[in-house]
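# Breakdown of the fold
Residue strings, one per chain:
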2 protein chains.
Amino acid sequence: MVSSYHVAVVGATGAVGQQMIQTLESRNFPIAKLTLLSSARSAGKKVVYKGEEITVQEATPEMFEGVDIALFSAGGSVSKELAPEAAKRGAICIDNTSAFRMDPDVPLVVPEVNEEDIKNHKGIIANPNCSTIQMVAALEPIRQKFGLTKVIVSTYQAVSGAGAAAIEELEEQSKAILNGEDFTPEVLPVKGDQNHYQIAFNAVPQIDKFQDNGYTFEEMKMINETKKIMHSEELKVAATCVRLPIVTGHSESVYVEVEHENVSVKDIHEVLLDAPGIVLEDEPHEQIYPMPANAVGKNDVFVGRIRKDLDDDKGIHLWIVSDNLLKGAAWNSVQIAESVVRLGLLKH
Amino acid sequence: MVSSYHVAVVGATGAVGQQMIQTLESRNFPIAKLTLLSSARSAGKKVVYKGEEITVQEATPEMFEGVDIALFSAGGSVSKELAPEAAKRGAICIDNTSAFRMDPDVPLVVPEVNEEDIKNHKGIIANPNCSTIQMVAALEPIRQKFGLTKVIVSTYQAVSGAGAAAIEELEEQSKAILNGEDFTPEVLPVKGDQNHYQIAFNAVPQIDKFQDNGYTFEEMKMINETKKIMHSEELKVAATCVRLPIVTGHSESVYVEVEHENVSVKDIHEVLLDAPGIVLEDEPHEQIYPMPANAVGKNDVFVGRIRKDLDDDKGIHLWIVSDNLLKGAAWNSVQIAESVVRLGLLKH
């Protein structure tokens, strides 16, 4: 007999929350009861799960009574307030915000990389940043086989990572520019920041707010989270994060240095062909390589354009693409929930 | 008394040719006679220069009789055929195609970097690839002051680099997608290649054709041309080139390693503030950084997002943006022509 669980989704009406509900359904996650929660503003909306309408309720501490697994994706402040309340009531929280990621008491998990860390949870498990997840999923098999000393990534990120308002802004702005009409940027690069810039037909080298060291918070997330997930403070990691006029699908140009000598492209291919969650798309002479337009709606991480550096025997270049709302958010969260079940961490 | 010259523009009706003519006019280049040349197909068209209509003529060897300076931008095969003919007739050819760039007898010139190389010309001077020019212009002042050992660049390239048909494809495809209509990619990533892919709201990691080593020709151009322009075979250079839904303006995420220790962001700022052709836009806390939408129509190379690598004292990250049709093509070519005049290399 298979156990089934009381699952809550917090932020059920958001872009990622919606994907979480769809992923729970498509994975046939063992759900006895599904509680959908949101802010007071969105409460009362109805969401269909397995053909049944479920009314979204306001997220309050009491709503987590009896919940086994709570998936959070309603912003950092909601997680900070409610995840401890849910954990106190016995729920295992899987949090998609940055609120707890660097907390030493909170495992930060990409199941293909560090599933075992889940066992150390104290009620909260953090889902990493979207751009981090797809990169570490592709690099971990390489690290295991050949060692990894240095990572330099430049990202090509889609606007859906900044939410539904950013998607709408890209579409409206694109139409305005194509029609020769005026427009006023209001959302991107960062909703709460001072200045807003054109995203349509442009490239904006700012994702999230700037830190005192000149890096953006998105760049620092990639740097710090990668080291934490890979359990390697000595791994050198650098990131430049750029927002582009793409609706969904993050791409990454990644340069790595491995420990071993004479690692060939074929060696990397062999490792990635066997790697969980990875699809190798690397036939340059057939023009086969990953692209965001092809990755949308898929759970996998696509890797191609694998090349040896021409001047450095230990240097390797890769191009990594994934759906930022799925592996980058909803799917990785549900995957963690599946691991929680498989590892027997739920009481019944 | 100022001398003035007989100038020819080959490819006068193309995107870059048009910019060359406009740049010659706006720079008030000392022109006694302007001959505009093209393929037989475009011959007969009229182009306005300084308020006067000039009829475009078919490019043949004989058309170069008496020409002092010939600017070529009509494709590699035209340059291969006609530049030697023009040179034979005494013209100094400035070639914007890749036909002669790696020829050891042909100087490859970015005036801010290696103007002196022009003196070694044997009738043909090559204008580097657009993505190479803006990068070396920004890196040369750093190299001169702090030494340079390694360059890793990921590009964010606009479609105008692939010509007028690519611009039209991006616009038509964007409209189709926004209206929910079907479309058939026919131009990008490479007109003469087998497969064509969606460029609107996508990222395509292929510019120019693939070489046997898995790199694209665009990537190899950046690698080989950078070493040639900087006179440094030992400089490590790697490139990943990506085409994006941007009309004009190339951006580059560049990681470099310098020779000196303890070079600060302030040191780099000071060097770039004094550098010819460079505009520093680097105030992260004011959200000031270069973007292609702001660079269009300007001759400068814009540099920002300058950061020390957090794990490697000699590592520095930069974000470099420029108008690929101007500094990347027309302006650099006219700049070379100005250098030819200033260096006294013309007979009269």
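Check the entry above for the structure.
Residues numbered from 1 in each chain as written. Chains lettered and ligands numbered in written order. Predicted model: local features only at pLDDT ≥ 70, side-chain atom pairs only at ≥ 80, totals over all residues. Heavy atoms only, no water.

### Quick look at the overall build of chain A
Note the threshold: Strands here are runs of E lasting at least two residues and helices are runs of H or I lasting at least four, both read from the DSSP assignment and numbered beginning at the N terminus. The reference for a compact globule is 2.2 Å times residues^0.38; the radius of gyration itself is calculated from the C-alpha atoms. Should any heavy atoms of two residues lie within 4.5 Å, those residues are considered in contact. Computed with a 1.4 Å probe, the accessible areas rest on the Shrake-Rupley method; for each residue, only the protein chains presented here act as cover. Charge convention: Lys and Arg are scored as positive, Asp and Glu as negative, and His as well as the terminal groups of each chain are ignored. Where a charge sits is defined by one atom per residue type, namely NZ (Lys), CZ (Arg), CG (Asp) or CD (Glu).
What chain A contains, in helices and strands, is nine helices and 14 strands. Computed over the C-alpha atoms, the radius of gyration of chain A is 20 Å, within 12% of the 20 Å expected from 2.2 N^0.38 for a compact globule of 348 residues. Taken along the three principal axes of its C-alpha coordinates, chain A extends 60 × 55 × 40 Å. Of the contacts formed within chain A by residues at least 6 apart in sequence, a portion of 65% connects residues at least 24 apart. Total accessible area on chain A is roughly 13200 Å²; 45% of this is exposed by carbon and sulfur atoms. Within chain A, the 50 negative side-chain charges are centred at a point lying 4 Å from the centre of the 32 positive side-chain charges.

### Some remarks on the interface of chain B and chain A
The condition that has to hold: The buried area of a pairing is the accessible area, by a 1.4 Å probe, that goes missing from both parts when the two are put together, added over both. Under the rule applied, a polar contact is a pair of N or O atoms within 3.5 Å (in protein, one hydrogen donor and one hydrogen acceptor; residues adjacent in sequence only if both atoms are side-chain atoms). Ten residue types, Ala, Val, Leu, Ile, Met, Phe, Trp, Tyr, Cys and Pro, are classed as nonpolar, four, Asp, Glu, Lys and Arg, as charged, and the remainder, Gly among them, as polar.
Contact residues are listed per partner, giving 66 residues for chain B and 66 residues for chain A. Here chain B meets chain A over a buried area of about 5300 Å², counting both sides, of which 58% is carbon and sulfur. Taken together, the links from chain B to chain A amount to 45 residue pairs in polar contact (both at pLDDT 80 or more). For the side of chain B that touches chain A, the secondary structure elements donating two or more residues are β9 (150-156), α5 (164-178), α6 (217-229), β10 (236-240), β11 (250-257), α8 (292-295), β13 (301-308) and β14 (315-322) of chain B. Grouping the constituent residues of the side of chain B that touches chain A by class yields 32 nonpolar, 18 polar and 16 charged.

### With respect to the relation of the copies chain B and chain A
The condition that has to hold: To line up the copies, we fit them by least squares on C-alpha atoms, keeping just the residues with pLDDT of at least 70 in both.
Expressed as a screw transformation, the operator carrying chain B onto chain A has a rotation angle of 180° and an axial translation of 0.0 Å, and the superposed copies differ by an RMSD of 0.0 Å. Given the turn and translation reported, the copies of this chain are related as if by a two-fold rotation axis. When the interface residues of chain B are mapped onto chain A, 100% of them are again interface residues, pointing to one common binding face.

### Some points on the environment of S251 of chain B
Residue placement: S251 of chain B occurs in strand β11. For S251 of chain B and D323 of chain B, which are 72 residues apart along the polypeptide, the C-alpha to C-alpha distance reads 9.0 Å. Leaving out residues up to four positions away in the same chain, S251 of chain B has contacts with A203 of chain A together with Q134, S154, T155, Y156, P292, W319, I320 and V321 of chain B.

### Thoughts on the sheet that holds strand β7 (residues 92-95) of chain B
The strands that make up a sheet are held in pairs by hydrogen bonds between backbone atoms, and each pair lies either parallel or antiparallel. Residues and elements named next belong to chain B. Heads up, the rule is: Here, strands pair whenever DSSP counts at least two bridges between them. For helices, the fitted axis covers only the stretch in contact; all axes are lines through C-alpha atoms, and the angles between them, taken along N-to-C directions, range from 0 to 180 degrees.
Overall, parallel pairing links the six strands, which are arranged β5-β2-β1-β6-β7-β8 in an open sheet. Two strands close off the open sheet at either side, each with one partner strand: β5 (57-58) and β8 (124-126). In this structure, strand β6 (residues 69-72) lies alongside β7, joined through four bridges in parallel fashion. For I69, the partnering residue across the bridge sits in β7 and is I92. Helix α1 (residues 15-26) rests against β1 (5-10), β2 (31-38) and β6 of the sheet, and its axis sits at about 155° to β1.

### Quick notes on the sheet that holds strand β14 (residues 315-322) of chain A
All names here are of chain A. Taken in spatial order, the six strands of this open sheet run β10-β9-β11-β14-β13-β12, and their pairing is mixed. The two strands at the open ends of the sheet, each matched to only one other strand, are β10 (236-240) and β12 (278-280). When the angles between neighbouring strand axes are averaged without regard to direction, this sheet yields 25°. In this structure, strand β9 (residues 150-156) lies alongside β10, joined through five bridges in parallel fashion. Its bridge partner being in β10, K150 is matched across the sheet by K236. Lying on the sheet, helix α6 (residues 217-229) is in contact with β9, β10 and β11 (250-257); it crosses β10 at an angle near 155°.

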